[in-house]
Amino acid sequence: TPPPNFDCDSGFLRWQEIWTDQKKDWCCLKHGRGCKGLPQDPPEDCSQDKENWEGWSPWKKNFCCGHTGFACEHFDCGSDLASWQTSWSPDKKRWCCETHLAGCTDQAVLVADLTDLK
């Protein structure tokens, strides 16, 4: 039997009422959504080390995004924007350029624009 693979966006607005316990457990573990813990006592402290959220584990990012709306992006494209050429990782450069047109080289913008036209 393959492991479950639930759509954690489907029915999320009413997850407490309509999701099965198995879906709640899976979505909580994989995406930080539908966790049964009380909102005032979450398993992750989303206010701790908030200024360094890019370094959080994927589980903590997903949990905090689902519970507080914080850390929903892959990267903070406003952080170190003035020195992006030297301070950002290649992954951050690519993601911020493709997602927010931040930190793009002229060539990267051209490629992104051409991709959107297809």
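Preceding block: the structure.
Every chain is numbered independently, its residues counted from 1 as its sequence is written. Side-chain atom pairs in this predicted model are given and counted only at pLDDT of 80 or more, local residue features only at pLDDT of at least 70, and totals for whole chains, interfaces and linings cover all residues. For the side-chain quantities, the full set of heavy atoms in the structure was used; hydrogens and water were omitted.

1. Thoughts on the packing of aromatic side chains
A ring pair, where both rings are aromatic, is described by two values, the distance of the centres and the angle of the planes.
So, point 1. For Phe, Tyr and Trp, where Trp contributes only its six-membered ring, two rings pair if their centres lie within 6.5 Å, and the inter-plane angle classes them as stacked under 30 degrees, edge-to-face over 60, or tilted in between. In this structure the tally under the stated criterion is seven aromatic pairs.
So, point 2. Where Phe12 meets Trp19, the ring centres are 6.1 Å apart and the plane angle is 45°; that geometry is what we call tilted. Trp19 shares its class with Phe12; the two are buried.
So, point 3. Three or more aromatic residues link up through ring pairs in this structure, and these residues are Phe12, Trp15 and Trp19.
So, point 4. Whether a charge sits over a ring comes down to the Lys NZ or Arg CZ being within 6 Å of the ring centre and within 35 degrees of the ring normal. Note that Lys50 overlies the ring of Phe70, its terminal NZ or CZ placed 4.6 Å from the centroid. For the exposure calls, accessible area comes from a 1.4 Å probe over protein chains only, and a residue counts as buried if that area is under 20% of its type's maximum, exposed if over 50%, partly exposed in between.

2. Things to note about helix H2 (residues 21-31)
So, point 1. A run of DSSP states H or I qualifies as a helix once it reaches four residues; a run of E qualifies as a strand once it reaches two. Both are numbered from the N-terminal end. The complete set of buried residues in H2 reads Lys23, Lys24, Trp26, Cys27 and Cys28.
So, point 2. In what follows, residue pairs with any heavy atoms lying within 4.5 Å of each other are defined as contacts. Contacts made by the buried residues of H2 are with helix H1 (15-18) and helix H3 (58-68).
So, point 3. Once H2 finishes, Gly32 follows within two positions and takes phi at roughly 70°, a positive value.

3. Structural notes on the state of the cysteines
So, point 1. What counts as a disulfide here is a pair of cysteine sulfur atoms lying within 2.5 Å. The tally for this structure, following the rule as stated, stands at five disulfides.
So, point 2. Here Cys46 connects covalently by a disulfide to Cys64, the sulfurs 2.1 Å from one another. The S-S bond linking Cys46 to Cys64 shows a torsion near -90°; that makes this disulfide left-handed. Placement of Cys46 in the loop between H2 and H3 and of Cys64 in helix H3 is noted, with a sequence separation of 18 residues between them.
So, point 3. A relative accessible area of 9% places Cys46 in the buried class.
So, point 4. For Cys64, a relative accessible area of 0% gives the class buried.

4. Here we look at the pattern of salt bridges
So, point 1. Between Lys or Arg on one side and Asp or Glu on the other, a salt bridge is scored when a side-chain nitrogen of the former is within 4 Å of a carboxyl oxygen of the latter. Scanning all chains against the criterion turns up three salt bridges.
So, point 2. Among the salt bridges present, the one from Arg14 reaches Glu17, with a minimum N-O distance of 3.0 Å.
So, point 3. A residue is classified by how much of its surface remains accessible, and Arg14, at 47% relative accessible area, is partly exposed.

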